[in-house]
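# Summary of structural features
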Amino acid sequence: MATATESSSPTPSFPETRTLWISDRLSEGEAGLILANGHVMSSYLQPLVTYCRALGLHTSIRGDPQEIVQGFFATRLSNTEYLKSWLGSGLRLRQWLRNGLHHFVHELRRDDAGQANATDSLDEIASTTKRSEDEFERAWALSALEQAMKETIANLERRGKRAEWDIFWMHHVDGHAYSVIAERHQMTAAQAAQRSFAVAGQVRNALYGILRKDGALTSEIGVEVAAMMEVLHEHGS
Amino acid sequence: MNMDRDGSGEFPTVTVPMAMQLICAILGEAAKPVDRLAARCAASAGLKWSREVLDRRGPNPTTRAGWIAWKDLAKRDIRESDLHIGDPSALAAFLKYLTAIAGALALDGSLITRIDRLEIRRGLTVIGPMLDEPWREICAKARRRIDQGLPASD
């Protein structure tokens, strides 16, 4: 869960450090590792399953994509060094995990077929199609937004303000005018707009927190969000 | 309509149109009009909405002057501030505006606007495939016209 502190976007007065959240968790010992692993599994399971399916990685080892990704998490995340290695990679966490999944599948295939028949997993990475990459990025965007929504709703519910989410949703997703929403919620249109605006800010903070956990600097978040929209367009059309 | 949990207690999955709407909401006035329009077109009743908006305008013109008249009419109804917050009538006007430009381009290759060609191209690329025929084909043809006219470096 993103806290208000880690989700906010202050102007850094010194060079910003990537991946602050995960490096902080890893410095906390076993309890922190559990938190970091929990975040990785809940955020990246679905995108990696989508990627595995889109690229047909599972067909070469005759496995279920979900089980393969869960197996990948189980073997890699139990190693305390795995996420530490990512910190120095310069990659987004999602890209690091995607590459890691390739290596994992390669290992499974090697175990199945023996060393002689194993192909070089780096060649497989190089041959990754744009379509499967786009599907992965789209699944990641949906997962990140869903997580941002859940965080926001949970936060509102804790404060007894769940109705504010409904106002936000009715306007921005269902397309109702504030005057209609206001009537339903017994308030003025200006109040409904104000509450919806506040919720949008909370979703934004939650999403930016998730992107920062993935390795984006604050200065890179605008580009990340624009890229999310582009990859969603391709599906919408 | 509301994002309530369903009977199973599970959280509903975010769909692509929902995600587009959420990103526009997050960006607020910084959201691009094309992204706002794309989110509207991708929504569950988006195709019906765009069809109705374009059908209400009547039969397509057969001359460049006709497309220009449609473009000017649509432009009159676009208020920038409304467009950036996703006001439905501003989005409808923007759709009419974009398709009028597409119509002229498809007809004889005329670009009847001073807006940057790459910006128009992006609009046609994103919105065109979300529309009904014949608009889908008109937008595709218009985009090809732009591509033929762009410098090699593009």
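Position labels on residues start from 1 in each chain and follow its written sequence. Chain letters start at A and ligand numbers start at 1, both assigned in the order the entries are written. In keeping with the predicted nature of the model, local features appear solely for residues at pLDDT of at least 70, side-chain atom pairs appear and are counted solely at 80 or more, and the whole-chain, interface and lining totals rest on all residues. Excluded from the side-chain calculations are hydrogens and water; all other atoms, namely the structure's heavy atoms, are used.

## Some remarks on the overall build of chain A
Stated precisely, the cut-off is as follows: Each helix is a run of DSSP H or I of at least 4 residues and each strand a run of E of at least 2, with the numbering of both proceeding from the N terminus. Partly exposed residues are those whose accessible area sits between 20% and 50% of the maximum for their type, while under 20% is buried and over 50% is exposed, using a 1.4 Å probe and protein chains only. Any two residues whose heavy atoms approach within 4.5 Å at even a single point are treated as in contact. For the accessible areas, the method is Shrake-Rupley and the probe is 1.4 Å, while residue cover comes only from the protein chains on display.
Of the regular secondary structure elements, chain A holds 12 helices and 0 strands. Put simply, chain A runs from its N terminus to its C terminus through helices and strands in the order α-α-α-α-α-α-α-α-α-α-α-α. Every one of the 237 residues in chain A was classed for burial, and the buried ones make up 48%. Partitioning the contacts of chain A with sequence separation of at least 6, the portion at a separation of at least 24 is 66%. Split by element, the accessible area of chain A, about 11300 Å² in all, is 53% carbon and sulfur.

## Brief notes about the nonpolar core
Note the threshold: We define a nonpolar core as any set of buried Ala, Val, Leu, Ile, Met, Phe, Trp, Tyr and Cys residues linked to one another through side-chain atoms lying within 4.5 Å. Delimitation of the domains relies on an automatic or database domain assignment.
Formed by 107 residues in total, the largest nonpolar core has its most connected members in L101(A), L207(A) and I127(B). Each of domain 1 (1-9 + 129-237) and domain 2 (17-127) of chain A accounts for three or more of the residues forming this core. In terms of nonpolar packing, the next biggest core, distinct from the first, is built from 7 residues, I167(A), M170(A), I181(A) and A192(A) among them.

## Looking at the packing of helix α3 (residues 46-55) of chain B against helix α6 (residues 88-108) of chain B
All names here are of chain B. Cut-off, in case you're wondering: Angles shown run from 0 to 180 degrees and are taken between the N-to-C directions of axes, each axis being a line fitted to C-alpha atoms and, for helices, limited to the stretch in contact. When an angle is under 35 degrees it counts as roughly parallel; over 145 it counts as roughly antiparallel; between 65 and 115 it counts as roughly perpendicular; any other value is oblique. Handedness of each helix crossing follows the sense of rotation of the near helix against the far helix: counterclockwise by less than a right angle gives left-handed, clockwise gives right-handed. By the convention adopted, Pro, Cys, Tyr, Trp, Phe, Met, Ile, Leu, Val and Ala count as nonpolar, Lys, Arg, Asp and Glu as charged, and the other residues, Gly among them, as polar.
The N-to-C vectors of α3 and α6 enclose an angle of 65°; their axes lie 10 Å apart at closest approach. When the axis of α3 is compared with that of α6, the two are roughly perpendicular. The two elements α3 and α6 meet at a crossing, and its hand is right-handed. For the pair α3 and α6, contact is made by W49, S50, V53 and L54 and by P88, L91, A92, L95, K96 and T99, respectively. Taken together, the residues that form the contact of α3 with α6 break down as 7 nonpolar, 2 polar and 1 charged.

## As for unusual backbone geometry
Across the junction of E133(B) and P134(B), the peptide omega takes the value 5°, indicating a cis bond. Residue position: P134(B) is located in the loop between α7 (117-127) and α8 (135-149). The phi torsion at Q186(A) lies on the positive side, around 55°, for a residue other than glycine. Tracing the chain through its elements places Q186(A) in the loop between α10 (178-185) and α11 (189-213). A relative accessible area of 77% means that Q186(A) is categorised as exposed.

## What about helix α8 (residues 130-158) of chain A?
Our working definition: Expected span, for any helix, means 1.5 Å times one less than how many residues it has.
Compared with the 42 Å implied by 1.5 Å per residue over 29 residues, the 42 Å span of α8(A) between its first and last C-alpha is a close match. Looking one or two residues past α8(A), G160(A) carries a phi angle of roughly 70°, positive in sign.

## Observations concerning helix α4 (residues 64-76) of chain B
With 13 residues, α4(B) should cover 18 Å at 1.5 Å per step; its first-to-last C-alpha distance of 18 Å lies within 8% of that length. Residues of α4(B) that are buried make contact with α6 and α8 of chain B.

## Focus: the confidence of the model for chain B
Should pLDDT be low for a region, the predicted coordinates there are not to be read in detail. All names here are of chain B. This is how the line gets drawn: pLDDT is defined as a per-residue confidence score from the predictor, taking values between 0 and 100.
In the predicted model, chain B carries a mean pLDDT of 87, and the fraction of residues at 70 or more is 89%. Averaged pLDDT values for the elements of chain B fall to 84 in helix α5 (residues 80-84) and rise to 95 in α4. pLDDT under 50 marks residues 1-10. Its contacts with residues more than four places away, or in other chains, come to 22 contacts.

## Remarks on the interface of chain B and chain A
To keep it simple, the criterion reads: Put simply, buried area is the surface a 1.4 Å probe can reach on two separate parts but cannot reach once they are joined, added for both. Here, a salt bridge means any Lys or Arg side-chain nitrogen found within 4 Å of an Asp or Glu carboxyl oxygen. Counted as a polar contact is a pair of N or O atoms within 3.5 Å, where, for protein atoms, one must be capable of donating a hydrogen and the other of accepting one, and residues adjacent in sequence contribute only when both atoms are in side chains.
Of the residues lining the interface, 27 residues belong to chain B; the matching set on chain A comes to 32 residues. Across the chain B to chain A interface the summed buried area is about 2800 Å²; carbon plus sulfur atoms make up 69%. At the junction of chain B and chain A, the tally comes to 1 salt bridge. Along the contact surface separating chain B from chain A lie 5 residue pairs in polar contact (both at pLDDT 80 or more). Broken down by secondary-structure element, the contributors of at least two residues to the side of chain B that touches chain A are α1 (16-27), α2 (33-42) and α7 of chain B. Per-class residue counts for the side of chain B that touches chain A are 19 nonpolar, 4 polar and 4 charged.

## Observations concerning the packing of aromatic side chains
Residues and elements named next belong to chain A. The condition that has to hold: Note on ring pairs: Phe, Tyr and Trp rings are taken, using the six-membered ring of Trp, and paired if centres are within 6.5 Å. Classes follow the plane angle, with under 30 degrees stacked, over 60 edge-to-face and the rest tilted. Two conditions define a charge sitting above a ring: the NZ of Lys or the CZ of Arg must be within 6 Å of the ring centre, and it must be within 35 degrees of the ring normal.
Summed over the entire model, instances satisfying the criterion amount to 10 aromatic pairs over all chains. When the ring of Y44 is compared with that of W140, the centres are 5.2 Å apart and the planes differ by 0°; the resulting orientation is stacked. Of this pair, Y44 sits in helix α3 (residues 30-55) while W140 sits in helix α8, placing them 96 residues apart in sequence. Consider the rings of Y51 and F136, whose centres lie 5.4 Å apart with planes at 65°: the pair is edge-to-face. Of this pair, Y51 sits in helix α3 while F136 is found in helix α8, placing the two residues 85 residues apart along the sequence. The two residues Y51 and F136 agree in class, both being buried. In this structure an aromatic cluster arises from ring pairing among F72, F73, Y82, W96 and F104. A cation over a ring is seen here: K213 above W21, with NZ or CZ 4.3 Å from the ring centre.

## So, the side chain of D82(B)
All names here are of chain B. Looking at the secondary structure, you find D82 in helix α5. With relative accessibility at 19%, the residue D82 sits in the buried group. Once you skip the residues sitting within four places of it in the chain, D82 turns out to touch D87 and A90.

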